[in-house]
Amino acid sequence: MRRTRVLTAVLALAAGLLAGGPPALAADAPAAAPAAVSGAAADTYTWRNARIDGGGFVPGIVFNRSEPDLAYARTDIGGAYRWQESTKSWIPLLDSVGWDDWGHTGVVSIASDAADPDRVYAAVGTYTNDWDPGNGAVMRSTDRGASWRKAALPFKLGGNMPGRGMGERLAVDPHDNDVLYLGAPSGHGLWRSTDAGVTWSEVTSFPNPGNYAEDPDDESGYASDNQGVVWVTFDESTGTAGTPTRTVYVGVADKENAVYRSTDAGATWERLAGQPTGYLAHKGVLDAENGHLYLAYSDTGGPYDGGKGRLYRYATATGAWTDISPVAEEDTYFGFSGLTVDRQNPGTVMATAYSSWWPDTQIFRSTDSGATWTQAWRYTAYPERENRYVMDVSSSPWLTWGANPSPPEQTPKLGWMTEALEIDPFDPDRMMYGTGATVYGTEELTNWDDDTPFTIRPMVRGLEETAVLDLASPPSGAPLLSALGDIGGFRHTDLTKVPSMMFTRPNFTSTTSLDFAESAPDVVVRAGHVDSGPHIAFSTDNGASWFAGTDPSGVSGGGTVAASADGGRFVWSPEGAGVHHTTGFGTSWSASEGIPAGAVVESDREDPRTFYGFKSGRFYVSRDGGATFEASPATGLPAGDSVRFKALPGTAGEVWLAGGASDGPYGLWHSTDFGQTFAKLPGVEEADTVGFGKAAPGASYQTLFTSARIDGVRGIYRSTDAGASWVRVNDDAHQWGWTGAAITGDPRVFGRVYVATNGRGVVYGDLADTGGGTGPEPSGACEVAYRVTNAWGDGFQAEVRLTNTGTAPWDGWSLAWSFPDRQRIAQLWNGSHTQSGAAVTVRNADWNRTVAPGSSVAFGFTASGPAANASPTAFALGGKECGVR
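Residues numbered from 1 in each chain as written. Predicted model: local features only at pLDDT ≥ 70, side-chain atom pairs only at ≥ 80, totals over all residues. Heavy atoms only, no water.

A.B. asks: How should the pairing of strand S32 (residues 454-458) be read in this particular structure?
C.D. replies: The side chains of a regular strand alternate between the sheet's two faces. The buried fraction of S32 is high, at four of five residues. Of the strand pairs in this sheet, strand S28 (residues 389-391) and S32 are connected by three bridges, and their pairing is parallel. Considered in S32, the bridge of Val390 is made with Thr455. As defined by bridge partners, strand S31 (residues 439-442) adjoins S32 across two bridges and the pair is classed as antiparallel. Across the sheet, the residue bridging to Tyr440 is Pro458, located in S32. (Buried < 20%, exposed > 50% of the residue type's maximum accessible area, 1.4 Å probe, protein only. Helix = DSSP H or I, 4+ residues; strand = E, 2+ residues; numbered from the N terminus. Pairing = 2+ DSSP bridges.)

Right, dumping it as C-alpha cells:
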C-alpha cells in the first residue's frame, strides 16, 4: 500500500503562516524555564508521546563505525533520533527546533563521527521551494545530540523532497574529522567544512551539480527541483590519521554522469570511467578491505517511484565495473536503493528493491561480494510465496492495517519505500531497515545463510513520526482520538500503549477532521482522504468501530466535519463540494445555504441545532441544524483562512477563535453571543489553535490551551482564568517545530494538554506531580548504582540504576540527589527530571512506574560539568535515603 507524507506545514503556509527529554539548541545554554505571563506562576510539565511507535518514513539509518550500539535515524519531517541500547528505543534529538525554524525538523542527512563518537551532524531543512521560507542548516553536536549548534547555509535543503532516500549527503572524513562534505540540491553543488561544521564553503572544483528532476514541468517547484549531489563516501584505505582522506567518491543526480572521484582529498575530481548510464546512483557503499565500491541504481530518484534498477560493483584498484544485479534488467519493475555491507564479513552485501510496492518490497543478500544472491521471499507456485523470515508485529499490531489481502500480498508487509538498510558494523546478526511507516529489524540475520527462519520485528519504540491534523478528548470513553496523515488515526484508551489498530472500515489514507457529540460522546464522526469510497465515517461506540457514510456529489477530500451536541445531526464541509448537513448518519445529505464552500465548520457544544463556520474573514452561524447559515456582523477577524475555532463545552453560544497572519489581524478572539461579536484578547500577539481542558481546582471556567506567541515568546500556553492571564507550559527544549494544527486539554485531568505536531506525533504534557502511578509514592528500601559511562570536554553521560530492595512493589517513584560539582542535566531518558541549582529530582515514565521487589529500573542522562565531575554520594526515595553501591 502506498503512503505519502502529509504537508500540514505547507497547508498552513499557503493559508498565510510563515508551519526521553529532548535537547536544548545551544550547547552551553540551559533550556529556558516556562514563561509566566500576567503574574501567573509557572508549573513544571512532563512531556511524552501518546504511543503509536512509528507512523512515517525513515529514509536514513546510520551506525557509528567505531562504537558499538551507537546509531541514528533521520526522518523526513520529524527530526532525528539516537538509538538507546539499554531500552531498545529511540531518543528524539531535535525537539528544541522552534516555530520560526519549523523547516529544520526535516532531516536530509545525518553523520556520526567515527573518530570522535560524541560528535554528530544533521543537515536540516524540509523543502527547497517556497513552501519553506527558511534556508537549510547543518546542526552539530559534541554530546551525541543532547545539545546543538547551528551553521546556517545560503540555500535550502529538502528533507521532505523527492530523492530524500538517497544518501548520505553528509559525511565526516574518517582520518581528519574536522573535514566534512555536504551534497547540496538545487544546483548548489558540493560543499565542505574544514572546522568541524562551523563554517561551510562550496567545493568550486567539483564539476557537476546534478541535473535530474522528478518532473521538470512542476510549477510548484517541488518535483521540478534538481536533486543535486546525493551522497559522499570516503575510501578509508587512502589516508592516515590527522590528514584528509585522499580518495572520495561522490554520487550525483545525473543519469549520464552519476559517480565522481577525487584522489587528492577533494582538490580535483573526475567522472569514473566506464560507469553505467541511464540510472541514478541512490547509494554508494565502500568495502575498503576488498576494494569494492557497491552502487545501487534506480531509474528515478524515489522514494515513491522507480521502475527499473541495477546493482554494480566497482573495483577501486583496477577500475573494472561488474553488474552484480540479482535479477535480469527486464525482470525488474523496481529500483534498488537500500545498500549495506557486513563490516565483520565484508564480502556480505545486502540491497533492497525499495520501489517494489506490489506485492511487497524485496531484500537481497549475497555472501560472495555479489556473485550470487538469495532473497527474502520467493514464489513457490504463484501466487503462493515462501518467506525466509517471520514477521512479528505484536508490539505495533496496527502495521497489519487490518487488511486481509489475497496472495501474493501478505500482511504485515515486509515493507515499502525501503531506502534505509544497515547491518550493525559490530553485530552481523543485527539489521535495521526503514520503511514508509516504521523501522524494522532483526537480531537473527545470519540465520538467513543457514536457510533458517529469522524474526523481523519493529525496532521503532520512541520514534514517533506522524503528522497530526486534528485531536479530540471526549469527556468519557477513550481519553484521546487523533486524526493523522498517512495512517488515518487512532483511539487511545491508554496513552502509554500502542493501539491495536488505526481507524478502519473505512481506512482513510489521511483523516483530516474528527468530532464527537459533546453530550453523547459515544457518537463520533471523521472525514478524510481515501483512494476510493466514501470520505466520511461514523461510530456509535466512541471510535472503537466504524461504518461508512455516503458522499454528496463531487466530494474529493475530507475537509472538516462537526457533530451536534446530541449526536443527531452532522455538518460536513468536504473538499470538492459545498457545505452539507444531515440528520442520522450520513445516508443522505442536503446542501447548506448561506455559507461558502471550503468553510471550516464546528458545532456548538450545548445547543444541538447550532453550528458555526468560518471562511475568508467571515464567521457564519446556523441555528437550524446546519440547513441555513447567516454571516455574522463581527468584524476585525483574520482575513485569510488560517483559522481554528472551538465552542466552549457546557455553555451555549460561547466561542473561542484563533488564527491570522503576520500581515493582518492575528491572535485570539472570544465571543459569548453565538459569534455575533468577538473581542480580541489583549497580550496574545499570535495564536493558531485553541482547546479546552478540565478546570483548575477551585476554578469554575474550563482551562484554555493555545499554541501562541505571548509577550514575544512562542509556546504552548495555558489559562485557568478565561484568558485573563497565561502561563507557558512548554520550554525551549520542548518545541516540536510547527504546532499549529490542533490542541486540546483533557476534560478529566487538570493540566493535561494534547499537542498536534507536524512529524513528532501527538505530544501530551502533564503537570510533573501528576505523572506518577496510582499508589502511594515509595520511600526508602532502595539501592542506587550511579555510573558515568562516557565523558568529554565539559560534559558526560551517566546511567543510574534504582533497585527496589523492599517487600512491596512500587507504583510510581521519585529519586532525588544533589550534584557536588555544579553539573547540570541537558537530556534525560526513561524518566523526567527537574533541577534547581544542584538539586535534581527524577520521576518515572509511564511505562516504568511499576517496580517489583528485587527488580530494578534504569535511566540515563547527558549533562555538562567540570572536569572533576564528582559523583553524588547520597540519594533519597520519597525523602528517605537509599543505599549506594
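There's more to say after this.
A.B. asks: Honestly, the state of the cysteines in this entry has me stumped. Any pointers?
C.D. replies: A covalent bond between the sulfur atoms of two cysteines is referred to as a disulfide. The full count for this structure, using the stated rule, is one disulfide. A sulfur-sulfur separation of 1.8 Å characterises the disulfide bridge that pairs Cys782 with Cys882. Between Cys782 and Cys882, the S-S dihedral sits near -90°, and the bridge is therefore left-handed. With Cys782 in strand S60 (residues 782-792) and Cys882 in the loop between strand S70 (880-881) and strand S71 (883-884), this residue pair connects regions lying 100 residues apart in the sequence. Assessed through its relative accessible area of 6%, Cys782 is described here as buried. (Disulfide = S-S within 2.5 Å.)

A.B. asks: Just to check I follow, could you spell out the sheet that holds strand S42 (residues 580-583) for this structure?
C.D. replies: Strand pairing within a sheet occurs via backbone hydrogen bonds; the two strands may be parallel or antiparallel. Across the sheet, which stays open at both edges, the four strands sit in the order S40-S41-S42-S43 with antiparallel pairing between neighbours. In this open sheet, the two strands that pair with only one neighbour each are strand S40 (557-563) and strand S43 (590-591). Across two bridges, the pairing between S42 and S43 is antiparallel. Across the sheet, the residue bridging to His581 is Ser590, located in S43.

A.B. asks: Would you mind showing me how to read unusual backbone geometry here?
C.D. replies: In terms of backbone geometry, most residues other than glycine have negative phi values and most peptide bonds are trans. Following Gly302, the chain continues to Pro303 via a peptide bond in cis, the omega torsion being 5°. Summarising the element assignment, Pro303 is placed in the loop between strand S19 (292-298) and strand S20 (309-315). Pro408 follows Pro407 through a cis peptide bond whose omega is 10°. You can see Pro408 is positioned in the loop between S28 and strand S29 (421-423). Its identity is not glycine, yet Asp69 carries a phi of approximately 70°, on the positive side. Tracing the chain through its elements places Asp69 in the loop between strand S2 (60-63) and strand S3 (71-74). A positive phi angle, close to 55°, is found at Lys88, a residue other than glycine. Residue placement: Lys88 occurs in the loop between strand S4 (80-84) and strand S5 (89-92).

A.B. asks: Just to check I follow, could you spell out the pattern of salt bridges for this structure?
C.D. replies: Pairs can form between side chains of opposite charge whenever their charged atoms are close. On inspection of all chains with the given rule, the structure shows 42 salt bridges. The residue Arg385 makes a salt bridge to Asp360 at a minimum N-O spacing of 3.0 Å. Of this pair, Arg385 sits in strand S27 (residues 385-387) while Asp360 sits in the loop between strand S23 (349-353) and strand S24 (362-366); the two residues are 25 residues apart in sequence, bridging distant segments of the chain. There is no split in this pair, since Arg385 and Asp360 are both buried. Between Glu799 and Arg787 there is a salt bridge, with the nearest N and O atoms lying 3.6 Å from each other. Linking Glu799 in strand S61 (residues 795-804) with Arg787 in strand S60, this pair joins segments that are twelve residues apart in sequence. The class for Arg787 is partly exposed, based on a relative accessible area of 47%. (Salt bridge = Lys/Arg side-chain N within 4 Å of Asp/Glu carboxyl O.)

A.B. asks: Teacher, can you tell me more about the packing of aromatic side chains here?
C.D. replies: Two measures describe an aromatic ring pair: the distance that separates the ring centres and the angle between the ring planes. Taken as a whole and assessed by the stated rule, the structure comprises 49 aromatic pairs. Relative to Phe490, the ring of Trp398 lies with its centre 5.7 Å away and its plane at 75°, an arrangement referred to as edge-to-face. One end of the pair, Trp398, is in the loop between S28 and S29; the other, Phe490, is in the loop between strand S34 (480-484) and strand S35 (491-492), with 92 residues separating them in the sequence. Considered together, Trp398 and Phe490 belong to a single accessibility category, that of buried residues. Ring plane angle 70° and centroid distance 5.3 Å describe the contact between Phe619 and Phe645, whose orientation is recorded as edge-to-face. Linking Phe619 in strand S46 (residues 618-622) with Phe645 in strand S48 (residues 643-647), this pair joins segments that are 26 residues apart in sequence. The class for Phe619 is buried, based on a relative accessible area of 0%. Residue class for Phe645 comes out buried when judged on its relative accessible area of 1%. Cluster of aromatic residues (ring-pair linked, three or more members): Tyr786, Phe796, Trp813, Trp817, Phe819, Phe859, Phe861 and Phe875. The cationic tip of Arg385 hangs over the ring face of Trp377; the distance from NZ or CZ to the ring centre is 4.3 Å. (Phe/Tyr/Trp six-rings, centres within 6.5 Å; stacked < 30°, edge-to-face > 60°. Lys NZ or Arg CZ within 6 Å of the ring centre and 35° of its normal.)

A.B. asks: How should the confidence of the model for the protein be read in this particular structure?
C.D. replies: Interpretation of this model should avoid reading the predicted coordinates in detail wherever pLDDT is low. Overall, the prediction assigns the protein a mean pLDDT of 93, with 94% of residues at 70 or greater. Note on residues 1-41: pLDDT under 50 across the span, and 138 contacts to partners over four residues away in sequence or across chains. Every residue in residues 771-775 is under pLDDT 50, and counting partners more than four places away or in other chains gives ten contacts. (pLDDT = per-residue confidence, 0-100. Contact = heavy atoms within 4.5 Å.)

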